[in-house]
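Coordinate inspection notes
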Amino acid sequence: MNLANLLNNYEEAVAMILFGIGFSNLLLQKNLIKKIIGLNIMDTATYLFLALKGYIAGRKAPIVVDGVRSVEAYINPIPSGLVLTGIVVSVSVTALMLSLTIRLYRRYHTLDLDEITTRLKKEGL
Amino acid sequence: MSKKLSEEQYRKTRSFQLKQWLDGTKDPFLDTVEMKPQEEFREDRTVIRERSEEKKRLLEKVYDLEHNAEMRIFQRIYRIFSVIFCVSLVLMLLIAVSNLPTVGAFERPVNNEVAKRYIEDGLDETGAVNIVTGMILDYRAFDTLGESHVLFIATCTVLILLRIDKKNSKDYMEANDRTHEPKNDIILQTVARILVPPIFIFGIYVILCGHLGPGGGFSGGAVIGAGLILYLNAFGFAKTERFFTEKIYKRMSFCALACYALAKSYSFYTGANHIESIIPLGTPGAILSSGLILILNICVGVVVAGTMYTFYAIFRKGGY
């Protein structure tokens, strides 16, 4: 483990720790809404990591100004496009999960996942 | 030349069998598969009672969390192991990060010839000043079409899951919060009256200038959707329904998606070479430049604005 390099890459390290926080939320929380929040934190960590992959120090956003068209002037545009795709998909998935949670709440009147599974098994399904 | 068959010959052909199968006049499994009449499953009443009581006792014992030691131990072990798993996952990722090239340096494998090509030739080939927009709406236009479809399908699914039947008046009244909302909130209405027009204009600006600067269909559509939601909160559903109903949303989304698909499918007819554009690109920097990107941005913006508003309306009261 290269500690000096880890300190240099502290932005990426933050992204990884955020990912871990989101994942532990997903595993440890019993409340379904909090699980969804955990999944969203994981999404955000991924966007941060992708955006950092495209960043090059001292360069500008890839919008051509004054006809300057050399690679040395702009950051990498590909990760920006990928982040856009990820945001759209995560919005759709979050909406879908929340609506499923509302349906579960209407049926069982609780958001606790353990209680829902217990009730499900008691009903013999 | 087709031969005319007699009735008997025709009955032997496969097309006749297919026609019978489609009509349902003949069961193809009759006389070919061995079949038995089904018997009803029967049980003595006392046996049923005993069995159900036994099952009940078992379930109570298993799921009684306060007195069930095994369940408690399992939950504790589950928690410990998930914490260990998360910590080790983060540690592994950190070790990986510590071996990655430095953030912000140019000499990284990500900055390869693909990015170089987009930056150097993107303006000539797409005509868009904003290279990211040129990339996602010209080189990867079908990917963005798929994204718009993902949004549309997500709205449809949420509508299916949360829709409330208007005929069932009890559920409808319960979910309809118009009766509970304040009728005329003067502060909110005044703020909305001042803010909503600039929000719409800014959203339209962001959509129309997607190829000239930061912005595009997704962000501009989200801004317009936020404006719609503010208007809805201030003035209630009765006023928004005058210009935005479910029917209008469906038609708008369909038109936008179909327009996008048609606008981009031209490349199939010009040799499936997506990079060589046959549409004049115009002068870079002008509003009517860069081929189809402006039209595609408007289509995407319409879909996104409708989706944002629809999500809000459905989650609030299950429909428009």
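Residues numbered from 1 in each chain as written. Chains lettered and ligands numbered in written order. Predicted model: local features only at pLDDT ≥ 70, side-chain atom pairs only at ≥ 80, totals over all residues.

**Here we look at the overall build of chain A**
Per the secondary structure count, chain A includes 5 helices and 0 strands. Reading chain A from its N terminus to its C terminus gives the helix and strand order α-α-α-α-α. Rg of the C-alpha trace for chain A: 21 Å, well past the compact-globule value of 14 Å for 125 residues, more than 25% over. With the C-alpha coordinates aligned to their principal axes, the bounding extent of chain A is approximately 65 × 35 × 15 Å. Residues classed as buried in chain A amount to 26% of the 125 residues present. Considering only contacts in chain A between residues 6 or more positions apart, those separated by 24 or more positions represent 51%. (Helix = DSSP H or I, 4+ residues; strand = E, 2+ residues; numbered from the N terminus. Rg over C-alpha atoms; globule rule 2.2 N^0.38 Å. Buried ≥ 20, exposed ≤ 12 C-beta atoms within 10 Å, placed from the backbone. Contact = placed C-beta atoms within 7 Å.)

**Details of the overall build of chain B**
A tally of regular secondary structure across chain B gives 14 helices and 0 strands. When its helices and strands are written in sequence order, chain B yields α-α-α-α-α-α-α-α-α-α-α-α-α-α. When each of the 320 residues of chain B is scored for burial, the buried share is 25%. Contacts in chain B between residues at least 24 apart in sequence constitute 71% of all its contacts with a sequence separation of at least 6.

**So, the environment of A:V91**
Residue and element names in this part refer to chain A. Its place among the elements puts V91 in helix α4 (residues 78-108). The exposure class of V91 is buried, given the 21 C-beta atoms found within 10 Å. Once the C-alpha coordinates of V91 and N40 are considered, the two residues, 51 residues apart in sequence, prove to be 9.1 Å apart.

**Brief notes about the nonpolar core**
Core analysis: the largest hydrophobic core is formed by 57 residues, its most contacted members being B:V158, B:L296, B:C299, B:V303, B:V304 and B:A305. Elements with a contribution of two residues or more to this core: α4 of chain A together with α5 (113-126), α6 (131-139), α7 (141-162), α9 (186-208), α10 (217-235), α12 (246-264) and α14 (293-317) of chain B. It is α14(B) that contributes the most residues to this core, 15 residues altogether. Residue contacts for B:V303: discarding those within four places in its chain leaves B:S148, B:L151, B:F152, B:G221, B:S253, B:A256 and B:L257. In terms of nonpolar packing, the next biggest core, distinct from the first, is built from 9 residues, A:F19, A:A45, A:F49 and A:L50 among them. (Core = buried A, V, L, I, M, F, W, Y, C linked by C-beta atoms within 7 Å.)

**Brief notes about the packing of α4(A) against α6(B)**
The interhelical angle for the contact between α4(A) and α6(B), taken along N-to-C directions, is 55°, at an axis separation of 9 Å. Accordingly, the angle class assigned to the pair α4(A) and α6(B) is oblique. Note that α4(A) runs across α6(B); the crossing there is right-handed. Mapping the contact onto sequence places A:S80, A:G81 and A:L84 in α4(A) and B:V132, B:M135 and B:I136 in α6(B). Its residues assigned to classes, the contact of α4(A) with α6(B) shows 4 nonpolar, 2 polar and no charged. (Axes fitted to C-alpha atoms, helices over the stretch in contact; angles between N-to-C directions. Parallel < 35°, antiparallel > 145°, perpendicular 65-115°, else oblique. Left-handed = near helix turned anticlockwise from the far one by under 90°. Nonpolar A, V, L, I, M, F, W, Y, C, P; charged D, E, K, R; others polar.)

**Points about the interface of chain A and chain B**
Contact residues are listed per partner, giving 50 residues for chain A and 48 residues for chain B. A per-element tally of the side of chain A that touches chain B places α4(A) first, with 14 residues. Residues that form the side of chain A that touches chain B fall into these classes: 29 nonpolar, 14 polar and 7 charged.

**Remarks on the confidence of the model for chain B**
Residues and elements named next belong to chain B. With 83% of its residues at a pLDDT of 70 or more, chain B shows a mean pLDDT of 81. Helix α8 (residues 169-175) is the least confidently modelled element of chain B, averaging 62 in pLDDT, while α9 averages 92, the highest of any element. Here the predicted complex carries an ipTM of 0.87, next to a pTM of 0.77. (pLDDT = per-residue confidence, 0-100.)

**Here's the deal with α4(A)**
The end-to-end C-alpha distance of α4(A) is 45 Å, a good match for the 45 Å that 31 residues give at a rise of 1.5 Å each. Those residues of α4(A) that fall on the buried side of the exposure criterion are A:I78, A:P79, A:S80, A:G81, A:L84, A:V88, A:V91, A:S92, A:A95 and A:S99. Turning to α4(A), the residues buried within the fold contact α3 (32-54) of chain A together with α5, α6, α7, α10 and α14 of chain B. Downstream of α4(A) by one or two residues, A:H109 has phi in the positive range, about 55°. (Expected span 1.5 Å × (residues − 1).)

**Looking at unusual backbone geometry**
What is expected of a backbone is that most residues other than glycine have negative phi and most peptide bonds are trans. Positive phi, close to 55°, is recorded for A:H109, a residue that is not glycine. In this structure A:H109 comes out as exposed when scored by C-beta crowding, with 10 C-beta atoms within 10 Å.

**Some remarks on the environment of A:K53**
Along the chain, the position of A:K53 falls in helix α3. Residue classification places A:K53 among the buried positions, given that 20 C-beta atoms sit within 10 Å. Separated by 37 residues in sequence, A:K53 and A:S90 have C-alpha atoms that sit 20 Å apart. Discounting residues that sit within four places of it in the chain, A:K53 has contacts with A:P79 and B:V110.

**Quick look at α7(B)**
Between its first and last C-alpha, α7(B) extends 32 Å over 22 residues, near the 32 Å set by a 1.5 Å rise per residue. Where α7(B) is buried, its residues contact α4 of chain A together with α6, α12 and α14 of chain B.

**Here's the deal with the packing of α9(B) against α10(B)**
Packed helices, taken two at a time, are described by their axes: the angle between them and the distance between them. Residues and elements named next belong to chain B. Their axes nearest at 8 Å, the elements α9 and α10 cross at an angle of 165°. In terms of axis orientation, α9 runs roughly antiparallel to α10. Here the hand of the crossing between α9 and α10 comes out left-handed. Split into classes, the residues belonging to the contact of α9 with α10 amount to 17 nonpolar, 8 polar and no charged.

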